[in-house]
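Geometric and topological summary
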Amino acid sequence: AQSVTQLDSQVPVFEEAPVELRCNYSSSVSVYLFWYVQYPNQGLQLLLKYLSGSTLVKGINGFEAEFNKSQTSFHLRKPSVHISDTAEYFCAVSPPGRGSYIPTFGRGTSLIVHP
Amino acid sequence: DTAVSQTPKYLVTQMGNDKSIKCEQNLGHDTMYWYKQDSKKFLKIMFSYNNKELIINETVPNRFSPKSPDKAHLNLHINSLELGDSAVYFCASSQGRVYRAGELFFGEGSRLTVL
């Protein structure tokens, strides 16, 4: 079984500052990794995903994440945040292969961007 | 044109009542899900259907019963509502019974408040 830990429940940051949201996972097999964003009063939408290949993955809205197998991490970064990035961010992990594998979500990190 | 739509968006009801939430997707996906998000934003899978067949049934009280009349619809009926059922319920869909590298598409959520 896999698990996901999002180390920060809340990350406050000023507008135009860089931000990193941390995600660590544990799994006995190789995994697929995802970041989802949930804006207030909305459902989740996919920001980016890592399946294989280059460990640096670029997503929508200027976000990127780096897969680090040795550290079992998949941290999300953005060099300059906007007020509109204020949202809840969820890291998720899913093991590839046969069977109906449902992704396991972390508990979320609330990104709060201040003007 | 909303991809995954849920109704109602808000639901306030008394303990002991029975209520339903409906979900429809127009993405042509063959797999649909119900997730429960608690007050701490934790996302928990409840059910998953593939082509009207129940494929995931997590530890959920029997008071919760999903129904999928066709692959574009997945409804959730809850009997004898309890205070602990208060949460936001998300419907989602994906392409493929085997969730490996696909993306989940979420509805906007249905906020259930049990008084």
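Residues numbered from 1 in each chain as written. Chains lettered and ligands numbered in written order. Predicted model: local features only at pLDDT ≥ 70, side-chain atom pairs only at ≥ 80, totals over all residues. Heavy atoms only, no water.

Concerning the environment of Leu44(A)
Note the following rule: Here a strand is any run of E in DSSP of at least two residues, a helix any run of H or I of at least four, and the numbering for each starts at the N terminus. With a 1.4 Å probe rolled over the protein chains alone, any residue whose accessible area is under 20% of its type maximum counts as buried; one over 50% counts as exposed, and the rest are partly exposed. Note on contacts: a residue pair is in contact if any heavy atoms of the two residues lie within 4.5 Å.
With respect to the helices, strands and loops of the structure, Leu44(A) is situated in strand β6 (residues 44-50). Take Leu44(A): its relative accessible area is 3%, and that puts it in the buried class. If sequence neighbours within four positions are ignored, Leu44(A) has contacts with Tyr36(A), Val37(A), Gln38(A), Phe90(A), Phe105(A), Leu43(B) and Phe106(B).

Regarding the state of the cysteines
In a disulfide, the sulfur atoms of two cysteines are covalently bonded to one another. Short version of the rule: Disulfide assignment relies on a single distance test, namely cysteine sulfur atoms paired within 2.5 Å.
Counting across every chain of the model gives 2 disulfides over all chains. The side chain of Cys23(A) participates in a disulfide bridge whose partner is Cys91(A); the two sulfur atoms lie 2.0 Å from each other. Of note, the bridge from Cys23(A) to Cys91(A) carries an S-S torsion of about -65 degrees and is left-handed in sense. One end of the pair, Cys23(A), is in the loop between β3 (19-21) and β4 (24-26); the other, Cys91(A), is in strand β10 (residues 87-94), with 68 residues separating them in the sequence. As far as the burial class goes, Cys23(A) and Cys91(A) line up, both buried. Put simply, Cys23(B) and Cys91(B) are joined by a disulfide, and their sulfur atoms are 1.9 Å apart. Its torsion about the S-S bond being -80 degrees, the disulfide of Cys23(B) and Cys91(B) is classed as left-handed. Of this pair, Cys23(B) sits in strand β3 (residues 19-25) while Cys91(B) sits in strand β9 (residues 87-94), placing them 68 residues apart in sequence. Classification of Cys23(B) by relative accessible area gives buried; the value is 1%.

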